[in-house]
Amino acid sequence: MPEPLKKPVSAFAKKPKTQEAEEGSSVVFEAETEKPDCKVKWQRSSKDIATGDKYVITADGRKHSLTVRGIAMEDADVYAVIAGGSKVKFELRVVVKPETPPEARTDGPEESSVKPEPVAAPPQEQNSAPTQDAPPAEDRHPADTRQDLTGLFTEKPQCGEVTVGENITFVAKVNAESLLKKPSIKWFKGKWMDLSSKCGKHLQLKETFDRNTKVYTFEMQIISAQANFAGGYRCEVSSKDKFDSCNFDLTVHEARAPEGLDIRAAFRRTKPAHVNSDPDIDVWNILSHARPSEYEKIAFQYGITDLRGMLKRLKKMKKEEKKSEAFLKKLDPAYQVSKGHKIKLAVEVADENMEVKWLKNGQEIQKSGRFERFPREVFMLNLAFYDFSFFFPSPSGLSPASKYIFESVGNMRYLTINHCSLADDAAYACVVGDDKCTTELFVKEPPVMIVKSLEDQMVMKGERVELMCEVSEEGANVKWEKDGVELTRDESLKYRFKKDGCKHFLIINEATKEDCGHYKVKTNGGESMAELLVQEKELEVYQSIADLTVKAKDQAVFKCEVSDENVRGTWYKNGVEVKADARINISHIGRIHKLTIDEVKPEDEGDYTFVPDGYAFSLSAKLNFLEVKIDYVPRQDPPKIHLDCMGRTAESTIVVVAGNKLRLDVPITGDPAPTVIWTKGEKGSSVKEGGEKEGQSASWILNDGEVITEGDGRLHVESTKGHCIFTIEGAERQDEGAYSVVVRNPAGEDTADISVKVVDVPDPPQAPKILSVGEDSCIVQWEAPEFDGGEPIIGYVLERKKLKSYRWMRLNFDPYPETTYEAKRMIEGMPYEMRVYAVNGIGMSRHSPASQPFIPVAPTSEPVGLHVDDVSDTSVTLKWRAPERIGAAELEGYGVEYCKEGTDEWIPAIQGLTDRTSLTIKNLTTGDKLLFRVRAYNMAGPSPPASLAQPITIREIMQRPKIWLPRYLRQTLIKKVGETVNIVIPFQGKPRPKVIWTKDGTPLDSSFASLRNSETDTILFIRKTERKHSGQYDLQVQIENVEDTARVLIQIVDLPGPPEALKIVDIWGFNVALEWKPPVDDGNCEISGYTVQKADKKTMEWYTVHDHYRRTHCVVSDLIMGNEYIFRVFSINLVGLSPDPITTKDSVFIQKTGISYKSPTYKKHNFSEAPKFTQSLVDRSIIAGYNATLSCAVRGIPKPKVTWYKNKMDISNEAKYRMLSKQGVLTLEIRKPCPFDGGVYTCKAVNDMGEDMVECKLEVRPQIAKEEKKDAQK
């Protein structure tokens, strides 16, 4: 397919710029077009400007200028220059003429024009780098309808582009000379998001005022831009009854990969992941829950500039949030719902019998119908039985009855809004008596998706183009772009936009070569792109005019057929134009042009030419006049056939196009009138006397003008005086052959043979085959048609289409002579079909059947990380990783090949493909040096191979045996009796080593433990352990004379036995002394303690006295007088308590005693003391970003309460600070301080005896980069 010419985006090489001029002076705006003699139009406020006393318009080749004379204040306006389909807007700003001496004034318009410094443009130029021909930002978006009402802006924010992570600033300027009060400005994103509440680390709003020029400068700075910041923004400025607004867009590009490593970035303490997590912070919510002392800190932290105004609004909000007696739970400050969904607003009232009213924008939402309430039942006010749509039309098409639903459940009151639309985006309130709670409902529009994408088109020059897409929502706004530049409705009506429900159309009435390019339609939920190709029309000649030989008084008809029915032409005779008259008729019907000459005269003989208008070629033919000489003929004149050939058997070949009329007009003479016999048979056949014909297949006989025999209805044979005419209506392919005409009368006969050739368009080729596919191309091949139509095949025309589309797109306009074609410029991953037309000298055949659907895909990249994992005497194990780029097609598998060193014959290692990333190639010859390569396969074929750099020798490499003992086996392995032991110990070594297990120096028996050995590990398995399995296990791995050993200790533990020899040693008061001996069986592990229990002999209920007691003797205290006790002891080890205890043989009786002890009384000493700091705070100077601590020491009884203050404000509840107290030492930790954290810190200690405080000053210094330090040292 021929590549479309890349035309410049704009028709201007140099564009006029906005200028300022003084009153009374003149100003010149200059523009330069890309093409010379281009028609340029100047406008003011969308109205054309003509040359006059006020304006002078000049044009010199490509240079054009507009001069405005005698500038007055009313000349300040928006001007525009239009050339072709490009329109550039600019402004003329008029400033008051300063009162200066005459000699100080300027003399020319060039000196008086001042070029303003663009403020918002530099970020756009640095980040977006627009092309030279890109239109200015004002022309990319439709102007706001309110933008030109008052013109408060002296400089408007411009559209900008920024890369993720970079900063950009938008600037707006307002002249306050004519304003009575300071203008107020608002910045919005989208339709309703007010950015004043979004100020923080990503957004800062600033304003400055120049007292000399009385100009307010408002700046919106976006810091560390993120991808979700892109979109449309709006700036609104108002002052009393004046208002102005401006729309602009922000485009955020993905960050480019860094070319080099920034070593400083590795040591930065920033956390970009945290920055991305919360780009939108609700500052209102933070302020509403903060203390007044923290307002300045929050304002500094989140970049709030209008803190006073926000506090006023916060004060009103807090007044509204005062404690209400009617409401137990109020509405939330705001709700958000998607368009078309429903939302439920809920409040809780104090009295369940209270009536509530719901308001929308201050207007009550009317309720009608029956509404009842019971304390614990749920009732719904359902208005669906009534139709109020006539009285209360709803924007969503629903009546209020089905729109709003009111519910009452006990103390809860609900308002349900169904099918939310943009009309429901309002302020809602719930009123109970004199109390009211309010909320804001925001309705979020869902993203508009593209349901049906644009389709590629190829049209001829001058044809109408219609690009159509279908979106998911009616009335949605879309944006059309051509080669990245937005298309707008301009005065030239080059582009026309049309909406039909969900369908959107871009219409180009007459396509030109400049319209070639990629067209894109964008919505807020997606985009679609298509390519438009415009080709020059090439006129094809389907039937040329032929030479004619006619006799006097006969009719001569020149006829030709061309491909375009709209093309007109002119007929010439010997270079002179032929004019129509009574005898000459010129006609044009569809694609056929005719020149008819009635009653031909000798002067009509000559060369006739047809020249189509607008094309540099012509068709010519010659008209020969046949003079008929009348001589005296006797009555017996033998018949004679008069053809333009010599000899009695005249032969001539006539070519006719299938479908056209075949008319054979043969002049004959003879007296009496001869009988004419037409015969179709073999070429050169003759007629014998008696009517027998050689090779005859059909015959037609005329006698005195009457047809004696005739074929089918398409054939007509007629005879006029001196002529015999043979006609076939709509010649067909079977009509081709040799025709013989025989004229016969009593005086003799004459014969002539005429060869007729019927030519037609060729048969359609067979369905094309796709030989291979690429990333955006494919190679298609087809067979030539079986029948070429009687004319040689000139070439072929190919078409393609997307599988789910109905529009075929032609790939070539000139016939392609080969039967293999490479089609390009396709979309990877998109299924296509191809078909072919055959072309000969007659025309184009019908299209072939469509090819099998195919998908253009590119082979994957080569596999990565190919390496040898293992080598033996007869095998090699290879491993690799998947390719980095797979592409649109699914990965089918990997092919592995090898070849011997020094040869080029690659042998497949396996039959077919493997889907794994490792392969063991077996049955190799020991000692061979082999090269290996791996290729990935997908639908497009194999990828480039990944090869090993060096050949691999097939020979096993000796590897020393090595045991890799797991970490948990390097200490004693303890298991309980009955548990399972399963030890896996890996090792290495080649060839396969010999593995030997021994226990306590004795080889292991298979009945004692199970062993399993492999090439890489060994397993020791004991299904059910016993005490005898404890011991030392040795593992030996041996290869020839080289070995490695490892030792594993296994300890099988069990419950211990009971202690021995429990006896009562002593009894006194309420105490009993016990003593015992350790158990004989400790369960094969250390005794960790004992459990001592007592029991009253009356109840025999056991109570634990000591648990995990380490000694073998103890004292049991707090026994009750008069009771008799027995005691028992359990032993404890790692497994648990011994199954059986040991119990005392004798019991112990606690005797009653009459001795009572009276403790002495002492006077309690008062240790109370007022707080006193023993160590004061010390002034400190720290660096921002590093944690800091302030420490002091205090004493006091009772323990004083400590409070920390910053600038006399309590910081106890601040998350930034952490207060620690240990043994009287008080520490205040400040996490990552910033310069805002500097100030006077106070520590105050208070108890019942008094109070004391200390304070210090803290200075927080900002961090200084290394480069700045070096500059400071220099």
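Calculation criteria
Residues numbered from 1 in each chain as written. Predicted model: local features only at pLDDT ≥ 70, side-chain atom pairs only at ≥ 80, totals over all residues. Heavy atoms only, no water. Helix = DSSP H or I, 4+ residues; strand = E, 2+ residues; numbered from the N terminus. Buried < 20%, exposed > 50% of the residue type's maximum accessible area, 1.4 Å probe, protein only. Contact = heavy atoms within 4.5 Å. Salt bridge = Lys/Arg side-chain N within 4 Å of Asp/Glu carboxyl O. Pairing = 2+ DSSP bridges. 1 Å grid on protein atoms, 1.4 Å probe; cavity = no way out; pocket = protein on both sides within 12 Å on 5 of 7 lines; lining within 4 Å. Points joined across faces, edges and corners; volume = space filled by probe spheres on them. Nonpolar A, V, L, I, M, F, W, Y, C, P; charged D, E, K, R; others polar. Core = buried A, V, L, I, M, F, W, Y, C linked by side-chain atoms within 4.5 Å. Phe/Tyr/Trp six-rings, centres within 6.5 Å; stacked < 30°, edge-to-face > 60°. Lys NZ or Arg CZ within 6 Å of the ring centre and 35° of its normal. pLDDT = per-residue confidence, 0-100. Polar contact = N/O pair within 3.5 Å; in protein donor to acceptor, adjacent residues only side chain to side chain.

Counting its secondary structure elements, the chain contains 8 helices and 97 strands. A total of 1274 residues make up the chain; the buried ones form 39% of that total. Residue pairs in contact within the chain that sit at least 24 positions apart in sequence constitute 63% of those at least 6 positions apart.

As enumerated under the stated definition, the model contains 44 salt bridges in all. Across the pair Arg591 and Glu561 runs a salt bridge whose closest N-O atoms are separated by 3.3 Å. Here Glu561 lies in strand β40 (residues 556-562) and Arg591 lies in the loop between β43 (584-589) and β44 (592-597), a separation of 30 residues in the sequence. Of the residues examined, Glu561 reaches a relative accessible area of 17% and is grouped as buried.

Spatial strand order, β30-β37-β36-β32-β33: 5 strands in an open sheet with mixed pairing. The two strands at the open ends of the sheet, each matched to only one other strand, are β30 (457-460) and β33 (485-486). One ladder, built from 4 bridges, connects strand β32 (residues 479-482) with strand β36 (residues 517-523); its direction is antiparallel. Its bridge partner being in β36, Lys482 is matched across the sheet by Tyr519.

One pass over the structure, following the stated rule, counts 3 cavities of 30 Å³ or more. Lining the largest cavity we find Glu455, Asp456, Arg800, Lys801, Lys802, Ser805, Arg807, Met809 and Tyr832. It is strand β59 (residues 793-802) that provides the largest number of residues to the lining of the largest cavity, a total of 3 residues. Classifying every residue of the lining of the largest cavity by side-chain character gives 2 nonpolar, 1 polar and 6 charged.

This part takes up the sheet that holds strand β22 (residues 357-360). Taken in spatial order, the 5 strands line up as β20-β28-β27-β22-β23 in an open sheet, and their pairing is mixed. The open sheet has two edge strands, β20 (334-338) and β23 (363-364), and neither has a second partner. Here 4 bridges tie β22 to strand β27 (residues 426-432), and the two strands are oriented antiparallel to one another. Note on β27: the bridge partner recorded for Trp358 is Cys430.

Glancing now at the nonpolar core. The biggest cluster of nonpolar side chains holds 28 residues, and the ones touching the most others in it are Phe170, Trp187, Met220, Ile222, Tyr233, Phe248 and Leu250. Put simply, the parts of the chain that give this core at least two residues each are β12 (168-175), β15 (203-210), β16 (215-222), β17 (231-239) and β18 (242-253). Residues within four places of Tyr233 in sequence aside, it is in contact with Phe188, Lys189, Leu195, Met220, Ile222, Cys246, Asn247, Phe248, Asp249 and Leu250. The next biggest cluster of nonpolar side chains, apart from the first, holds 24 residues, and it includes Leu345, Val347, Cys420 and Cys437.

Another aspect to go through is the environment of Lys452. Residue placement: Lys452 occurs in strand β29 (residues 450-452). With near-sequence residues (within four places) excluded, Lys452 lies in contact with Met468, Cys469 and Glu470.

This part takes up the packing of aromatic side chains. For the coordinates displayed, the defined rule picks out 20 aromatic pairs. With centroids separated by 6.2 Å and ring planes inclined at 25 degrees, the aromatic side chains of Phe29 and Tyr79 adopt a geometry described as stacked. In this pair, Phe29 is assigned in strand β3 (residues 27-33) and Tyr79 in strand β8 (residues 77-83), connecting sequence segments 50 residues apart. The pair Phe29 / Tyr79 is uniform in exposure class, with both members buried. Following the ring pairs from residue to residue traces out a cluster consisting of Phe29, Trp42, Tyr79 and Phe90. Over the aromatic face of Tyr414 sits the side chain of Lys344, whose NZ or CZ is 4.6 Å from the ring centroid. Geometry around Trp964 places Lys962 over its ring, the cationic atom sitting 5.8 Å from the centre.

This prediction gives the chain a mean pLDDT of 80; 82% of its residues lie at or above 70. Low pLDDT, under 50, characterises residues 100-150; the stretch is placed with 96 contacts to residues that sit more than four places away or in other chains. Predicted confidence for residues 683-698 stays below pLDDT 50, and this span has 30 contacts to residues more than four positions away or in other chains.

Take the environment of Thr820 next. Relative to the helices and strands, Thr820 is located in strand β61 (residues 820-823). Residue Thr820 is classed as partly exposed on the basis of its relative accessible area, which comes to 29%. Linking Thr820 and Lys769, residues 51 residues apart in sequence, is a C-alpha distance of 9.6 Å. Residues contacting Thr820, with those up to four places away along its chain left out, are Ile779, Val780, Gln781 and Trp782. In this structure the side chain of Thr820 is engaged in a polar contact, spanning 3.4 Å, whose partner is the side chain of Gln781.

Time to look at the side chain of Lys482. Checked against the element boundaries, Lys482 lands in strand β32. With sequence-adjacent residues up to four places away left out, Lys482 is seen in contact with Leu487, Tyr495, Glu514, Asp515, Cys516, His518 and Tyr519.

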